[in-house]
Amino acid sequence: MSQRTLNFSSGPATLPEEVLRNAQTALLDLDGSGIGILEHSHRGKEFGRVLERTEALIREVGAIGDDYAVLFVTAGATHHFAMVPQNFLGVGQTADYCDTGVWSGKAIEEARRVGAVHVAGTSAPAYAATPRALTFSPAPRYVHYTSNETIYGTQWSAPPNAPAPLVCDASSDIFSRPLALANHGLVYAGAQKNLGPSGISLVIAKKDFIATGATDLPPLAQYRTYAAEASMHNTPNTFGIYIIGEVVAWIRAQGGLAAMAERNERKAKVVYDFLDQSKAWRGHAEPASRSRMNITFRGTTKELEATMLERAEARGLSGLKGHRSVGGLRASIYNAFPEEGVHRLVELLDEVEHGRA
Ligand code: PMP
C-alpha cells in the first residue's frame with residue numbers, strides 16, 4: 001500500500017485503496033474483455049454482469065428482501081429532495097419532516113415547493129442533537145429524516161418511530177452499520193461518502209410504496225421507472241455502478257455491516273474520548289446524538305484552530321476544516337477511512353493543545 005494523504009473530507013471522500021487499484025485495471029480492461037469499464041455499452045453482457053453483481057452484493061450485504069427495489073439514480077441526494085415530494089406528496093396531503101440541520105433543511109425547502117410540510121421536530125438553533133420529541137400531523141403521507149447530518153455531526157441512533165412510511169436521507173451513513181429498513185418506504189443516499197463517486201445515488205425503496213407514487217411526472221422523475229426498467233431507462237452511470245459494486249464487495253470482505261459498525265464505533269470513540277478529556281478542544285454534538293461518521297469540534301480559540309489546520313496539512317492530514325455554516329473543525333471518518341488515521345489525528349490535536357507541534 002502506498003503512503004496516501006489522510007483524507008478527512010466529508011465527501012467525495014476516501015475510498016478503499018483496493019477498490020481504486022481494481023478500478024485502474026478495469027479502466028483499461030474489464031474482466032478480460034479487452035474493453036474498459038468506461039467503454040462498454042450499458043446494454044452489453046459485460047456491463048449487465050456488473051449491474052447484476054452490484055445489485056446482488058447490495059442485497060446480500062444490506063440483507064435487503066424482495067419487497068424492496070434497489071435502484072441507481074444518476075444524480076446526487078439533492079435530486080431526491082425534490083423527487084420524493086413530487087412522487088409522494090399529493091394535493092391535500094401533508095408530509096412530516098424532522099429538522100436536524102442543513103441537509104434536512106434543504107429537503108424541507110424543496111418539499112415546500114411541492115406541497116404541505118409539517119415539521120415534526122427540530123433541533124434548531126444549535127443542531128447539536130436529534131429532536132427529543134416528535135409531534136406528527138394527523139395523517140402524514142410520509143415522515144422524512146436525515147439519518148446523519150454531515151455538517152453538524154449528529155446521527156440518529158435508531159430510526160424515529162413514526163405513524164407513516166419513513167423516508168430517509170442516508171447519504172452520509174449508508175452501509176456504516178446494519179440497515180434498519182423496517183417501516184421505511186424509501187432510503188436514498190448520494191454515493192460519494194460510503195459507496196463510491198459523486199453524481200450517483202442508491203435508492204432502496206419498498207415496491208408497494210413506489211407503486212403509490214405520482215404517475216403524471218416525466219419517466220425519469222418517477223421512482224417506478226427505475227424499478228420497472230432496472231435503472232436502465234436511459235444510459236446509467238455505468239462507472240458509478242461499477243465502483244459501488246467494488247466498494248460493497250470490499251465491505252463484504254471486511255465482514256459486512258456489523259463489522260463496519262464495530263470498526264466505525266471504535267474509530268469514533270478514539271476521537272470523542274480524546275475530546276472529552278481535552279481542555280482545548282470541545283465536541284459540538286451532544287453525546288447521545290454523536291455521529292460516527294462526521295466528528296465536529298472546536299478549539300477554545302480561533303488561533304488554536306488555525307494552528308491545528310496548518311500543522312495538519314503539513315503532516316498529510318487533509319480536509320479537517322469545518323463547514324462554513326458551523327465553523328471549527330470536522331473529521332469525516334467514513335467506512336474506508338483507516339483506523340490509524342484517527343490515532344494520528346488525536347496525537348496532533350494533543351500536540352497542538354500542549355504547544356508541542
Ligand atoms: N444529504 C446529505 C446528508 C449530505 O451529506 C449531502 C452532501 N454532502 C447531500 C444530501 C447532498 O448530496 P449531493 O451533493 O450529492 O446532492
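This structure is a prediction, so every number in the text was calculated from the model and none was measured. (Residues numbered from 1 in each chain as written. Predicted model: local features only at pLDDT ≥ 70, side-chain atom pairs only at ≥ 80, totals over all residues. Heavy atoms only, no water.)

(A) Representation of the sheet that holds strand 10 (residues 201-206) in the model. Within the open sheet, the seven strands sit side by side as 2-10-9-8-5-3-4. Their pairing is mixed. In this open sheet, the two strands that pair with only one neighbour each are strand 2 (68-73) and strand 4 (116-122). On average, each strand axis in the sheet is inclined to that of its neighbour by 20°, with strand direction left out of account. Pairing between strand 2 and strand 10: six bridges, direction antiparallel. (Pairing = 2+ DSSP bridges. Helix = DSSP H or I, 4+ residues; strand = E, 2+ residues; numbered from the N terminus. Axes fitted to C-alpha atoms, helices over the stretch in contact; angles between N-to-C directions.)

(B) Structural context of the packing of aromatic side chains. Considering all chains together, one arrives at ten aromatic pairs under this definition. Ring centres of Phe81 and Trp103 lie 6.5 Å apart, and the angle between their planes is 45°; this geometry places the pair in the tilted category. Taken together, the residues Phe81 in helix 3 (residues 77-88) and Trp103 in helix 4 (residues 102-114) connect sequence positions 22 residues apart. Since its relative accessible area comes to 2%, Phe81 is described here as buried. The exposure class assigned to Trp103 is partly exposed, which follows from its relative accessible area of 27%. For the pair Tyr97 and Tyr142, a centre-to-centre distance of 5.8 Å together with 70° between the ring planes defines the contact as edge-to-face. (Phe/Tyr/Trp six-rings, centres within 6.5 Å; stacked < 30°, edge-to-face > 60°. Buried < 20%, exposed > 50% of the residue type's maximum accessible area, 1.4 Å probe, protein only.)

(C) Focus on the pattern of salt bridges. Under the criterion given, the structure shown has 17 salt bridges. With a shortest N-O distance of 3.6 Å, Arg132 and Glu286 are connected by a salt bridge. Linking Arg132 in the loop between strand 4 and strand 5 (143-146) with Glu286 in the loop between strand 11 (281-283) and strand 12 (294-299), this pair joins segments that are 154 residues apart in sequence. Given a relative accessible area of 76%, Arg132 falls into the exposed group. When its relative accessible area of 33% is taken as the criterion, Glu286 is described as partly exposed. (Salt bridge = Lys/Arg side-chain N within 4 Å of Asp/Glu carboxyl O.)

(D) Here's a closer look at the domain arrangement of the chain. Examined at the domain level, the chain breaks down into domain 1 (17-253) and domain 2 (257-353). Once you take the C-alpha centre of each, domain 1 and domain 2 turn out to be 27 Å apart. On the side of domain 2, 24 residues touch domain 1, which itself brings 28 residues to the contact. Both sides together, the interface formed by domain 1 and domain 2 hides about 2000 Å², and carbon and sulfur atoms give 56% of it. Sorting the residues of domain 1 by area buried against domain 2 places Ile151, Gln155 and Trp250 first, and these three jointly supply 25% of that buried surface. Where domain 1 packs against domain 2, one counts one salt bridge. Of all elements in the fold, only helix 2 (45-62), strand 7 (154-155) and helix 7 (238-253) reach the threshold of two or more residues within the side of domain 1 that touches domain 2. Of the residues that constitute the side of domain 1 that touches domain 2, the class distribution is 14 nonpolar, ten polar and four charged. (Domains from an automatic or database assignment. Contact = heavy atoms within 4.5 Å. Buried area = accessible area lost by both parts, 1.4 Å probe. Nonpolar A, V, L, I, M, F, W, Y, C, P; charged D, E, K, R; others polar.)

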